[in-house]
Amino acid sequence: MSRRPPRSPLSSSSAASDVYKRQYQRRVREKLRTPRWKYVTSALTGQYEQPPYPCAEPWKKLEDVSDVATAEKISEETYQACQAMMHDPKWSMLSYVDPDQADGGDIKLFSRPAIGLFHFIKGSFSIRDTTVQKCMSVMHADNLPERQKFSAEIVGYEKIGRVTPNIHLEFLTYWAPPPVAGRDFCFLVTRKEVDGSTWIYGTSVDYKQCPKTSAYVRSSSMWCWQLTQVGEHVLLQYYNCFNPRGWAPRFIISWLKSSVANELRAARAVVNGKAFTVEKTDLNDCGVSKEEIEAEIRNKDKEQHA
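Chemist: Run through the pattern of salt bridges, naming residues and quoting values.
Modeler: Inspection of every chain in the model, using the stated rule, returns 13 salt bridges. Its salt-bridge partner being R112, residue D88 comes within 2.6 Å of it at the nearest N-O pair. Here D88, found in the loop between helix 3 (68–86) and strand 2 (92–93), pairs with R112, found in the loop between strand 3 (108–111) and strand 4 (119–127); they are 24 residues apart in sequence, far enough to count as distant. Comparing D88 with R112, the two get one shared label, buried. In this structure, a network of salt bridges that share partners links the residues D98, D100, R265 and R268.

Laid out in structure tokens, this is it:
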């Protein structure tokens, strides 16, 4: 079905020159030759503005786990990006109060302005009477059942390739509250020791062995953890830059931040051997009403049929 060209701003009485008229007509012809999906894809992939990090699209390509040089280059770029994100002066504290504050809970959450479709979240907290190794064995376990002890949203985890003893590839899938589709990720993950701290970080990559799924939307993210042993306690810093891609209503960002806070609380409890019931973060928990959800769905339908 052909589309009607936009109405010309140049009326018959316009004094604009023939040059301007020809330029306008050329732009109209070019627009009509451009498939509509290109505009949609551009909006969904956030090509208008992106952060100066490896998670920007198109993702870095890794052909095979045998390509150690490429993997190490991506790993180093990710570490440097983590340092830049860590020292970004634009972080501001969110109005979040740790529900376990009476028991020494000290989780603090931060955010900073989005860059295009990429959003940011930072978490800072401590876990008492433990070690970095114990935290790592729980929070970065290489199997799904262990990770589900502190994350209700994770529904799939697979280590899909090892490049070096400290660099590997992961494929993860996450539930999202309906009507939003779940998300999946393909990460190149690195662990390294730097100046007395343990760093573990990952970034989305283009890896052909990463499973393809139709039920999930492939999302983009770069995340970083810094764990430091201080006496008998561990200090933890978490940073994440993410683009949910696909259809993501405005309220989903608030949901994501609430989900992160719940995971940090649960991980702290599991590390300390305390009972903690993990539950999926409901949209109502984020203050999103049924009317707001319905309004977002109507907007989505209008955009699809526009």
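Chemist: An account of the state of the cysteines is requested, with residue identities and associated values reported.
Modeler: Counted under the stated rule, the structure contains one disulfide. The partner cysteine of C82 in its disulfide is C224, sulfur to sulfur 2.1 Å. The sign of the -85° torsion about the S-S bond sets the C82-C224 disulfide as left-handed. Here the residue C82 occupies a position in helix 3, and C224 occupies one in strand 11 (residues 220–230), the gap between them amounting to 142 residues. Across the pair, C224 and C82 agree in class, each one buried. Between C241, a free cysteine, and C55, which holds the nearest cysteine sulfur, the sulfur-to-sulfur gap is 3.9 Å.

Chemist: So, the confidence of the model for the protein chain: which residues are in play, and what are the values?
Modeler: Should the pLDDT be low somewhere, the predicted coordinates at that spot are not to be read in detail. Summary statistics for the protein chain give a mean pLDDT of 84 and a share of 77% for residues scoring 70 or more. Across residues 1–17, where pLDDT falls below 50, the model places 15 contacts with residues more than four positions away in sequence or in other chains. Here residues 23–46 is a poorly scored stretch, pLDDT under 50, and it has 31 contacts once near neighbours within four places are set aside; other chains count.

Chemist: Give a detailed account of the nonpolar core, specifying residues and quantitative values.
Modeler: Grouped together as the largest cluster of nonpolar side chains are 36 residues, with contacts concentrated most on F125, M139, W225, L227 and L236. Elements with a minimum of two residues in this core: strand 4, helix 4 (132–139), strand 5 (154–164), strand 7 (182–194), strand 11, strand 12 (233–243) and helix 6 (251–271). In terms of residue count, the dominant contributor to this core is helix 6 (nine residues). Those residues within four positions of L227 in sequence are excluded, and the remaining contacts are V132, C135, M136, S197, T198, I200, V234, L235 and L236. Among the nonpolar cores identified, the runner-up in size contains 18 residues, and Y53, W91, F120 and C241 belong to it.

Chemist: Summarise the packing of aromatic side chains; cite the residues concerned and give the values.
Modeler: Applying the stated criterion to the full structure yields ten aromatic pairs. Between Y174 and F185, the aromatic rings sit 6.0 Å apart at their centres with planes inclined by 80°, giving edge-to-face as the arrangement. Within this pair, whereas Y174 is found in strand 6 (residues 167–174), its partner F185 is found in strand 7, the two being separated by eleven residues in sequence. The class for F185 is buried, based on a relative accessible area of 12%. Cluster of aromatic residues (ring-pair linked, three or more members): Y174, F185, F187 and W223. The ring centre of F110 lies 4.5 Å from the NZ or CZ of K122, which sits over that ring. Directly above the aromatic system of Y79 lies the positively charged group of K192, at a separation of 4.2 Å from the ring centroid.

Chemist: I'd like a description of the side chain of R147, backed by residues and values.
Modeler: Its location among the elements puts R147 in helix 5 (residues 144–147). On the basis of relative accessible area, R147 is assigned to the buried category, the value being 8%. Each residue touching R147, except ones within four places of it in the same chain, is listed here: M139, H140, A141, I154, Y157, E170 and L172.

Chemist: Tell me about the environment of K90, residues and numbers included.
Modeler: Note that K90 resides in the loop between helix 3 and strand 2. Between the C-alpha atom of K90 and that of R112, which follows or precedes it by 22 residues, the distance is 5.6 Å. Non-local contacts of K90, meaning those with residues more than four positions away in its chain, are made with S111, R112 and P113.

Thresholds applied
- Residues numbered from 1 in each chain as written.
- Predicted model: local features only at pLDDT ≥ 70, side-chain atom pairs only at ≥ 80, totals over all residues.
- Heavy atoms only, no water.
- Salt bridge = Lys/Arg side-chain N within 4 Å of Asp/Glu carboxyl O.
- Helix = DSSP H or I, 4+ residues; strand = E, 2+ residues; numbered from the N terminus.
- Buried < 20%, exposed > 50% of the residue type's maximum accessible area, 1.4 Å probe, protein only.
- Disulfide = S-S within 2.5 Å.
- pLDDT = per-residue confidence, 0-100.
- Contact = heavy atoms within 4.5 Å.
- Core = buried A, V, L, I, M, F, W, Y, C linked by side-chain atoms within 4.5 Å.
- Phe/Tyr/Trp six-rings, centres within 6.5 Å; stacked < 30°, edge-to-face > 60°.
- Lys NZ or Arg CZ within 6 Å of the ring centre and 35° of its normal.

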